[in-house]
Every structure is written in C-alpha cells, then in structure tokens.
Amino acid sequence: MSRKRTKRTAPRRAARGRLTRRAFLLGAGAAAGAGLVWASRSQSKAQPTAPQQASPGEYRAAWISYIELQGMDYTSADAFRASAAAMMDHCAALGLNTVIVQVRPFGDALYPSALFPWSHLCTGVQGQDPGFDPLDTLIAEAHSRGLSLEGWINPYRLRGSASQPAQLCPASLASTHPEWVVTVADGVYLNPAIPEAAAYVVDGVAELVSRYAVDGVHFDDYFYPTTDPSIDAAQFAASGAQDLDAWRRQNVTALVKAAHDAVKAQDPTLRFGVSPQGNPDNDVHQQYSDVYGWLAAEGEDAVVDYLCPQLYWGYGYTLSGGSERFAYPNILAEWLAMPRGSAALYIGLGAYRIGDGDGGANPDSTAQWSTGQALARQVDELRAQGAGGYALYRYGSLFANSAWAQLAQAECQALQAANSAAEVV
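Anyway, here's the lowdown on the structure attached to this text. Every value quoted in this text rests on a predicted model; they were computed, and no experiment measured them. (Residues numbered from 1 in each chain as written. Predicted model: local features only at pLDDT ≥ 70, side-chain atom pairs only at ≥ 80, totals over all residues. Heavy atoms only, no water.)

**A word on the nonpolar core**
Across soluble globular proteins, nonpolar side chains have a tendency to be buried as a group.
Turning to step 1, where the next piece is worked out: Formed by 113 residues in total, the largest nonpolar core has its most connected members in Leu138, Phe219 and Trp294.
Turning to step 2, where the next piece is worked out: When sequence neighbours within four positions are dropped, the list of residues in contact with Trp294 reads Phe223, Val252, Thr253, Val256, Val274, Ser289, Val303, Val304, Leu307 and Ala343.
Turning to step 3, where the next piece is worked out: One finds Trp152, Tyr312, Ala344 and Ala391 within the second-largest nonpolar core, a separate group that totals 12 residues. (Core = buried A, V, L, I, M, F, W, Y, C linked by side-chain atoms within 4.5 Å. Buried < 20%, exposed > 50% of the residue type's maximum accessible area, 1.4 Å probe, protein only. Contact = heavy atoms within 4.5 Å.)

Structure below.
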C-alpha cells in the first residue's frame, strides 16, 4: 500500500436455512474445493469457530502486514500458534472485530497454494514449505476470539524492492510467465494490461475463498506500478483505445470486478473490499483506480462491498502551498460526500504516524500525533460524520512500537475506551 512506500457494517451473516461454503468449512471442514483436490496439511487443534462481532454495525479492523508476519515464529506449528494467539488477543482487547491479514504479499502465499509459491516470510526462502499452514492457524485463532479475518492480497506485486523478497523462486510468475511482467526500479509487477495475468490473480482469489473460511478478501492500493506509458504501449496500441488513462482504469476495474464476482460466486455472504489511497486524484490518475465509479455501483454492477481509503493525515494538515484539502476532517468529508450505491465506506487511519507526525506544513504536524489520543479523536470524528467504521495501519505501530512505546500504549488505551463507550450508547 502507499503507506509502505514511506502501507462497516459487520460482515454479512449467512441467510437462514441455507448452508453456505463458509458455514460448511467452519462446521465440517473441507478437503476439496471448486473441483480440485487439495492436499490438507492443517495442524489446527480445533476447527475455527464462527466470528461473533464485537460491535454489530461498525467495522473495526487492523491491518496485519507482511512486516508483522515476517517477525512471527515459524520454527514450529505450536510456536506460530502462540504468536498468532497473542496477536489476536491484542486486537480483541482493543475492541476490534476484524483483522486484515496480508496472506499474499509478493505473488506468493502464506498457505499451500497450487498457483503461488510459499511466501519467503515463512522460512526466509520463497517457495520453501514451513511444514504447517500459517493461514489455517491465523483463522482459527481469530475466529476463536470473535474476530473476522479478511485475506489481504496485493494483486500485481511480485517484488517490492531488492530485499522484498531478496530472491524470487523458480515458481514465481516472474519466471513462469515473464511475458506478463514489468520491472519498475527494483520492483517486479504483473502488467495490468495483460488479461491472462489478471485472470490468474482472480483464480488465486477463487482458490483462497474455496479453501479457507476467510470472511472476505481485501486488495490494497497497488495497481499500476507507474504512469510510464511504455509499460503497456503494445497492448494499448492493439486495443484501439484513444484515451490511455481511461483504458488503464478499465483494466483495473475489470480485475477488481472479476475478483469481487469470484468471491460472491463462492459465497455471497463474504466481503470484498479495496483500500485506495486517501487522495482520490492519485487513485484515478496514478493508480488508475476508478474509486468514484466503484463507490457508485450497485446490484449486478457492484465492484466492491466497501472502500477503506487511507486518510493518514491529522487535523489542520497543510500542504506547502497552503492547501488544507487533506486535513483529516476535510478529506473525510470529501470521501463521505461521494455518491454511493451499495458500497460501504470505512476509513483507514495511520497508526504509524504516532510520535512521528504526518509531515504537514502546519506547526503542530508532529505534536498532535504525540498526545496519546490522536487515533481515538479521529475515530470520534468519523463516527460523527457517519462513516461505517475504520481500519488501523498497522498492528505493529500499536503493539510493537519500540520507538514510541508509551505513546502507542496510550493510543491503545484511548481507542479501547472509545470503543467501549460506543458499545453502551
């Protein structure tokens, strides 16, 4: 997500009287899905239980990114379970009801997949089997604490930098389908203009929801890796289209719509959402994400169940030119004023700003992030303006913040109090 370049309502319940895919997985387990036989190596001590929402009507989430995941203990299934249990305990105690876990960060997977190699986060080597199923454990530990778990996927990224991951394995799409790939600086990405690459991503979404009792699928804001017209010049010329920006937005929307439909085809009660950048101009003209159209769509044309834009600025945030467009209450109001069809709107909050500030030209750009209650104040604001909930980026900024440990603890206490107060209203 863009935050890493420096990155609701409660989940819908299954209709009564109908056994959904998710209910079957939770109650009986499954060894096969979508006509494919899967090798089950789950080492869970108990089947995941259905989530019990901590706050019906409000979405309260934390992003658990590859940064947190790479610091977990993969030496054994029991060691990983212990670290996952502690993580979910923290989230539940904060009053959250959802965790968004980055299960496919670099064209690889935190679970055994027929389409993607094992993530290097598990063993340090991409493609190497850790000997157990981390995602199965994460789901079990989340559900046993009443937390929903959404599988967070970066759809196009195969490599983010020279060290993430340091070495791509032979099973990476960069090796098996080099014709689908573009390189931008040290990054390696699937080309959004290649329909076969997009279809492969959608197949991966279908695999995930057919095999695991996730409560939804979540895409981050990485779509087109660059505005450089050379990366898809051949495809654009062959398309006959005249407007490059509009054509690129169509490519991204086609992928997002297909992923949404794949999730719904498996189980209509599952959720599909996207977390775009907080600046809608960047979404439309740099990432080629039609956030306006996605929010306004509904019915058979629905593209997402929710958007969760990353509003990582503080009160009074000012650009060097004097604009206060992105000051938190202003940009919040701008997003909430956008026409909406069936999509919900949640707000991404920048926990990683704690202590460090948001870089604004306003004199209190750092000080207001050092109060110990900056995030709770923003939660109060989004509730007052009518947003459907929020997500915190990221877990480690609150619970593993060595630079600002006392501030992070104070922020957690303030958030917990804000959530507890909302429960009794």
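**Focus on the sheet that holds strand β4 (residues 98-104)**
Turning to step 1, where the next piece is worked out: Strand order in the open sheet formed by 9 strands is β12-β11-β10-β9-β5-β4-β3-β14-β13, with parallel pairing between adjacent strands. Bordering the open sheet on either side are β12 (344-345) and β13 (347-350), each of which pairs with just one other strand.
Turning to step 2, where the next piece is worked out: Where strand β9 (residues 216-219) lies against strand β10 (residues 271-274), 4 bridges are found, and the strand directions are parallel. Opposite Phe219, over in β10, you have Val274 as the bridge partner.
Turning to step 3, where the next piece is worked out: Along the sheet face, helix α7 (residues 195-211) touches β4, β5 (148-153) and β9 and points at about 145 degrees away from the line of β9. (Pairing = 2+ DSSP bridges. Helix = DSSP H or I, 4+ residues; strand = E, 2+ residues; numbered from the N terminus. Axes fitted to C-alpha atoms, helices over the stretch in contact; angles between N-to-C directions.)

**Looking at the pairing of strand β3 (residues 59-64)**
Turning to step 1, where the next piece is worked out: Taken across its 6 residues, β3 has 6 buried, putting it largely inside the fold.
Turning to step 2, where the next piece is worked out: Burial along β3 is two-sided: the residues Tyr59, Ala61 and Trp63 and Arg60, Ala62 and Ile64 are all buried.
Turning to step 3, where the next piece is worked out: Pairing analysis gives 4 bridges linking β3 to strand β14 (residues 389-393), with the strands arranged parallel. Directly across from Ala61, in β14, lies its bridge partner Ala391.
Turning to step 4, where the next piece is worked out: Note that β3 and β4 share 4 bridges and pair parallel. Pairing of Trp63 across the sheet is with Ile100, part of β4.

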